[in-house]
Amino acid sequence: MWGELIQEVRVAQTGVQILFGFLLTVVFTPRYAELGDTEQAIYILTVVLGAAATGALIGPVSLHRLVSGRQVKPQAVRWASRMTFIGLVLLLATMTSALLLILRVATHDDYVPWLVTGVVAWYLLFWFGVPLWTRHRYTAR
């Protein structure tokens, strides 16, 4: 189970690190100063969420390195799994706030919250709904 978990973390970790890296550059662009207070607050929230997601998704690697050879693999897998789940939830929040920020800056139309809600529903369906349905449907009782 450890090997599978680490493979899953690698995929999510790469995405969140790229997103976080791009977020860090925004504040250094001339356009940032032109953002309104609300957009700047959303940006700050997005950066903090991205940092938290990055930390949670890198956590399993650190955990593995620090407990390797200590005969605690079952406990390490459980904790790493929890960190990964928390990281995915934080990544969802980061993606949501980043999308909200981008769409608010790109357009000030009233449909922005609806678009963001639709995308979040899409993420929830494929990140949590389908996996939970599959687990329920195909797991022996």
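Everything numeric here is computed off the predicted structure, so don't read it as measured data.

Draft legend 1. Fine view of the environment of threonine 29. Within the secondary structure layout, threonine 29 lies in the loop between helix 1 (2–26) and helix 2 (37–67). Distance from threonine 29 to glutamine 75, taken between C-alpha atoms, is 45 Å for residues 46 residues apart in sequence. Within the structure, the side chain of threonine 29 is placed 2.7 Å from the backbone oxygen of valine 26, a separation counted as a polar contact.

Draft legend 2. Broad picture of the pattern of salt bridges. Inspection of the entire model under this criterion finds 2 salt bridges. The salt bridge partner of arginine 31 is glutamate 34, with a shortest N-O separation of 3.4 Å. In this structure arginine 31 comes out as partly exposed when scored by relative accessible area, which is 44%. A relative accessible area of 58% places glutamate 34 in the exposed class. Here glutamate 39 and arginine 104 are joined by a salt bridge, their closest N and O atoms 2.9 Å apart. In this pair, glutamate 39 sits in helix 2 while arginine 104 sits in helix 3 (residues 73–106), placing the two residues 65 residues apart along the sequence. Judged by relative accessible area, arginine 104 falls into the partly exposed class, the value being 29%.

Draft legend 3. Looking closely at unusual backbone geometry. Not every positive phi belongs to a glycine, and glutamine 71 is a case in point at roughly 65°. Relative to the elements of secondary structure, glutamine 71 occurs in the loop between helix 2 and helix 3. What makes glutamine 71 exposed here is its relative accessible area of 74%.

Analysis parameters
Residues numbered from 1 in each chain as written. Predicted model: local features only at pLDDT ≥ 70, side-chain atom pairs only at ≥ 80, totals over all residues. Heavy atoms only, no water. Helix = DSSP H or I, 4+ residues; strand = E, 2+ residues; numbered from the N terminus. Polar contact = N/O pair within 3.5 Å; in protein donor to acceptor, adjacent residues only side chain to side chain. Salt bridge = Lys/Arg side-chain N within 4 Å of Asp/Glu carboxyl O. Buried < 20%, exposed > 50% of the residue type's maximum accessible area, 1.4 Å probe, protein only.

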